[in-house]
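Each chain is listed here by its residues.
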Amino acid sequence: MKKIITFLFVFSLLSIQSLKSEEMYIGIDYLNNTIDTGITNISSNLDEEDSGYSLYAGLPLNENLDFEVSYNDFGEASLSGVSGNQFKIGGTTYEFNTTATLSVSATSFGFAAKPKAEISEGVILYGKLGVHNWDSKFAITSTTATANEDDDGSDVYYGAGIEVNFVNLKGRVGYSLYDLDGDDIDSVNVGLSYNF
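Here's what I pulled together on the structure shown here.

What counts as what
Residues numbered from 1 in each chain as written. Predicted model: local features only at pLDDT ≥ 70, side-chain atom pairs only at ≥ 80, totals over all residues. Heavy atoms only, no water. Helix = DSSP H or I, 4+ residues; strand = E, 2+ residues; numbered from the N terminus. Buried < 20%, exposed > 50% of the residue type's maximum accessible area, 1.4 Å probe, protein only. Polar contact = N/O pair within 3.5 Å; in protein donor to acceptor, adjacent residues only side chain to side chain. Contact = heavy atoms within 4.5 Å. 1 Å grid on protein atoms, 1.4 Å probe; cavity = no way out; pocket = protein on both sides within 12 Å on 5 of 7 lines; lining within 4 Å. Points joined across faces, edges and corners; volume = space filled by probe spheres on them. Phe/Tyr/Trp six-rings, centres within 6.5 Å; stacked < 30°, edge-to-face > 60°. Lys NZ or Arg CZ within 6 Å of the ring centre and 35° of its normal. Pairing = 2+ DSSP bridges. Nonpolar A, V, L, I, M, F, W, Y, C, P; charged D, E, K, R; others polar.

**Things to note about the side chain of E163**
Consideration 1: Tracing the backbone shows E163 in strand 10 (residues 146–166).
Consideration 2: E163 sits in the buried class, given a relative accessible area of 2%.
Consideration 3: Within polar-contact distance, the side chain of E163 engages the side chain of K114 at 2.6 Å.
Consideration 4: With residues up to four places along the chain from it excluded, the contact list for E163 reads K114, G122, V123, I124, Y126, K170, G171 and R172.

Following this line, the structure appears as structure tokens:
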């Protein structure tokens, strides 16, 4: 909730600036994420892919550079098994001794510089380099107990993509890599933005 409030605050600041420039944009992306858990599956059920979304707002600083803020929900990765199922973390093999599910989910709030270049009329290549403040939640659920642990931090992220302009609308497709304290989230995005 704190990240959404921060996003809305920064969005309000950008809105005030956009009254001067009239170039601000807001958008939403669908995210297809792969969360690197560091787990190697042997005989359990490992799912490191999930969908999510990104809400973002941006302000062109000049024709070759935008400033963008975003709130990202990366979804969840999970590992489940029954007694006797095995998996590896690093070089160590572990075995379930009961039916259980381990899951991790993550969200983040980011700021990025977004350099861009028009390659043909209305078609723009862009890159992204930024910092994001992330929260992750780890949960264990079994037939006998549950446990939760939260973690957070700040790390870098970067990416690239292509945008196509349709008057006040832009469609975009891209790829970003988010670092979470050494663990990675690979994210492919497809979305639309509206220019004010």
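**Comments concerning empty space enclosed by the protein**
Consideration 1: As enumerated under the stated definition, the model contains one cavity of 30 Å³ or more in all.
Consideration 2: When its volume is computed, the largest cavity comes out at roughly 60 Å³.
Consideration 3: Lining the largest cavity are D29, L31, S54, S70, N72, K128, R172, S176, Y178, S187 and N189.
Consideration 4: Those elements that provide at least two residues to the lining of the largest cavity are strand 1 (25–35), strand 5 (65–81), strand 11 (169–180) and strand 12 (183–195).

**A word on the packing of aromatic side chains**
Consideration 1: Evaluated as defined, the whole model comprises nine aromatic pairs.
Consideration 2: Centre to centre, the rings of Y25 and Y56 are 6.3 Å apart; their planes meet at 70°, and the pair counts as edge-to-face. Residue Y25 is found in strand 1, and its partner Y56 is found in strand 4 (residues 49–62); the two are separated by 31 residues along the sequence.
Consideration 3: A centroid spacing of 5.4 Å and a plane angle of 55° characterise the contact between F87 and F96, whose relative ring orientation is tilted. Judged on exposure class, the residue F87 and its partner F96 are both buried.
Consideration 4: An aromatic cluster is present here, built from F67, F109 and F111 joined pairwise through their rings.
Consideration 5: Positioned above the aromatic ring of Y56, the side-chain terminus of R172 is 3.8 Å from the ring centre.

**Here's the deal with the pairing of strand 6 (residues 86–89)**
Consideration 1: Two strands pair when backbone bridges link them, and strand 2 (residues 39–41) and strand 6 are joined in this way by three bridges, in the antiparallel orientation. Following the sheet pairing, N41 is matched in strand 6 by F87.
Consideration 2: Relative to strand 7 (residues 92–95), strand 6 is paired through four bridges, and the arrangement is antiparallel. Bridge pairing links Q86 to E95 in strand 7.
Consideration 3: The turn linking strand 6 back onto strand 7 is made up of two residues, and G90 within it adopts a positive phi angle of 65°.

**Quick look at the layout of surface pockets**
Consideration 1: Estimated volume of the largest pocket: approximately 600 Å³.
Consideration 2: Along its surface, the largest pocket is lined by 28 residues, and T37, V104, S136, F138 and D183 are the ones closest to its centre.
Consideration 3: Secondary-structure elements contributing two or more residues to the lining of the largest pocket are strand 5, strand 6, strand 8 (100–120), strand 9 (123–142), strand 10 and strand 12.
Consideration 4: Looking at the lining of the largest pocket element by element, the count peaks at five residues for strand 8.
Consideration 5: Looking at the lining of the largest pocket residue by residue, the classes come out as 15 nonpolar, five polar and eight charged.
Consideration 6: Of the voids in this model, the second largest pocket is the one considered here, and its volume is about 300 Å³.
Consideration 7: What lines the second largest pocket is a set of 13 residues, among which N62, E63, K116, I124 and K170 lie closest to the centre.
Consideration 8: When residues of the lining of the second largest pocket are traced back to their parent elements, those giving at least two are strand 4 and strand 8.
Consideration 9: Sort the elements by how many residues they give to the lining of the second largest pocket and strand 8 lands first, with three residues.
Consideration 10: Of the residues that constitute the lining of the second largest pocket, the class distribution is three nonpolar, four polar and six charged.

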